[in-house]
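Spelled out from the first residue to the last, the chains are:
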Amino acid sequence: MPLSRFKTVVMLCPHAVTGGPEAMHQAAFALNSIGVTCYMVYAGADHPVAIEPQRIVCSKPESPALQNAYARYNPRIFSELPLGPETLVVFPEAYAQYVARRKNHGVALWWLSVDNAFKADPRLADRAARFQLVGDEAIIHLHQSAYARNWLRDSGFQNLLQLEDYSNETFTDREAYGPSPQPWASYNAAKGADLAESFFGEHPEYQALPLRKFTKPQLRDIFAERLIYIDFGHFPGKDRLPREAAISGSIVFTNRAGAGAVYEDFPLPDVFKFDAADVTSGELHRRLQAVVADPARFWAMQADFRSRIRWEKAQFFDTLMRLWGIRRMP
């Protein structure tokens, strides 16, 4: 029951529609469901937040896109809230620079990624500097991935607690029960694009579709149609797209980079993991051809991965209940 002393939780959430903010909304929804009061605070250039010694003051979100994206989580929003020792303020890793020297309330830093934190504050890439920034023993370090946990341990941080996320029900409520029918591919166009374009330029037979700016229902339908999903990029955390693809009908291949190299984060047999050398040597193409020739065989090899995705939400709720010492749902 390491967090049971906190009766109120505040999620300091970036004003954006991406995987990290969705995880924060999922945590808020779960906490409110199990009887722990949790509020959302949206921070961004047009949404200043003031965290004072005794209170937090913010503005309410006005973006219809953001409100629609997270409506299913019924977020609790406020404009002013008192702070005290029974309040826990959760910062995402991109806001690490703001957590220091906060003594009047509890502070948690949720490492929803590792590498994205370096982009937000390059000082975090230096061991001595990051320890000075967020090495206070009072800070609770939550980690979304085993990749982040390992990095936190190697950095010498204490007070580490696991808190992952779960795949959106748009995908899990319509789980596929067999491999997608068309021998085509889709890929994440947001990262690893150069490697992807080089590969598919040599192999047009996969009719590869770059994934950008699709809605979740559209993505689900794409994965249900296309046999193969490939992520050519670096994984800053336990990314959502490979999980969404797998549960929707695609057979997933991931670059062995960042969290993609960690079996706990992506529990896939090694045949589904590759590096740049496998792309240039033709090895990745040979593996894809094997999948096209016998999709049922390779679909079965990812059954454990899909099973874990299927149970993510239940595990997420169970984790929060254990952290707060709650034995049953209210």
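Residues numbered from 1 in each chain as written. Predicted model: local features only at pLDDT ≥ 70, side-chain atom pairs only at ≥ 80, totals over all residues. Heavy atoms only, no water.

A. Structural detail: the overall build of the chain. Scanning the chain for helices and strands turns up 14 helices and 14 strands. On C-alpha atoms alone, the chain measures out to a radius of gyration of 21 Å, which is about the 20 Å that the 2.2 N^0.38 rule sets for 330 residues. In terms of overall dimensions, the chain has C-alpha extents of about 65 × 45 × 40 Å along its principal axes. Taken over 330 residues, the chain has a buried fraction of 53%. Across the chain, the fraction of contacts at a sequence separation of at least 24, relative to all contacts at a separation of at least 6, is 65%. Roughly 14700 Å² of accessible area belongs to the chain as shown, and the carbon and sulfur atoms make up 51% of that amount. For the chain, the distance from the average site of its 37 positive side-chain charges to the average site of its 37 negative ones is 5 Å. (Helix = DSSP H or I, 4+ residues; strand = E, 2+ residues; numbered from the N terminus. Rg over C-alpha atoms; globule rule 2.2 N^0.38 Å. Buried < 20%, exposed > 50% of the residue type's maximum accessible area, 1.4 Å probe, protein only. Contact = heavy atoms within 4.5 Å. Areas by Shrake-Rupley, 256 points an atom, 1.4 Å probe, with all protein chains shown as cover. Lys, Arg positive; Asp, Glu negative; His and termini not counted. Charge placed at Lys NZ, Arg CZ, Asp CG, Glu CD.)

B. Structural detail: the pattern of salt bridges. Following the criterion strictly, the structure yields 23 salt bridges and no others. For glutamate 169, the salt bridge identified is with arginine 72, shortest N-O distance 3.1 Å. Pair noted here: glutamate 169 is in helix α6 (residues 169–172) and arginine 72 is in the loop between α2 (64–69) and β5 (80–82), with a separation of 97 residues, a long-range link. According to the relative accessible area criterion, glutamate 169 is buried, its value standing at 13%. Given a relative accessible area of 39%, arginine 72 falls into the partly exposed group. Across the salt bridge formed by arginine 174 and aspartate 221, the nearest N and O atoms sit 3.9 Å from each other. Separated by 47 residues along the polypeptide, arginine 174 in the loop between α6 and β10 (182–188) and aspartate 221 in helix α8 (residues 216–225) bring together distant segments of the chain. (Salt bridge = Lys/Arg side-chain N within 4 Å of Asp/Glu carboxyl O.)

C. Just unusual backbone geometry, in detail. Positive phi, close to 45°, is recorded for glutamine 207, a residue that is not glycine. One can find glutamine 207 in the loop between α7 (193–202) and β11 (209–211).

D. Expanded view of the environment of arginine 72. For the pair arginine 72 and glutamate 169, spaced 97 residues apart in the sequence, the C-alpha separation amounts to 9.9 Å. If sequence neighbours within four positions are ignored, arginine 72 has contacts with Phe29, Asn168, Glu169 and Thr170. Among the polar contacts listed, one links the side chain of arginine 72 to the side chain of threonine 170, at a separation of 3.3 Å. (Polar contact = N/O pair within 3.5 Å; in protein donor to acceptor, adjacent residues only side chain to side chain.)

E. Geometry of the packing of helix α9 (residues 241–248) against helix α13 (residues 303–310). Where α9 contacts α13, the axes come no closer than 9 Å and their chain directions differ by 105°. When the interaxial angle is binned, α9 and α13 end up roughly perpendicular. Side by side, α9 and α13 meet where Pro242, Arg243, Ala246 and Ile247 of the first sit next to Phe305, Arg306, Ile309 and Arg310 of the second. (Axes fitted to C-alpha atoms, helices over the stretch in contact; angles between N-to-C directions. Parallel < 35°, antiparallel > 145°, perpendicular 65-115°, else oblique.)

F. Focus on α9. Of all 8 residues making up α9, 8 are buried, and the element is well covered by its neighbours. Along α9, the residues classified as buried are Leu241, Pro242, Arg243, Glu244, Ala245, Ala246, Ile247 and Ser248. A positive phi of about 130° marks glycine 249, the residue just after α9.

G. Region of interest: the sheet that holds β5. Taken together, 3 strands build an open sheet; the order of strands is β3-β4-β5 and the sheet is antiparallel. The open sheet has two free edges, formed respectively by β3 (49–51) and β5, since each of these has just one partner strand. When strand polarity is set aside, the average angle formed by the axes of neighbouring strands in this sheet is 10°. (Pairing = 2+ DSSP bridges.)

Purely geometric numbers; function is a separate question.
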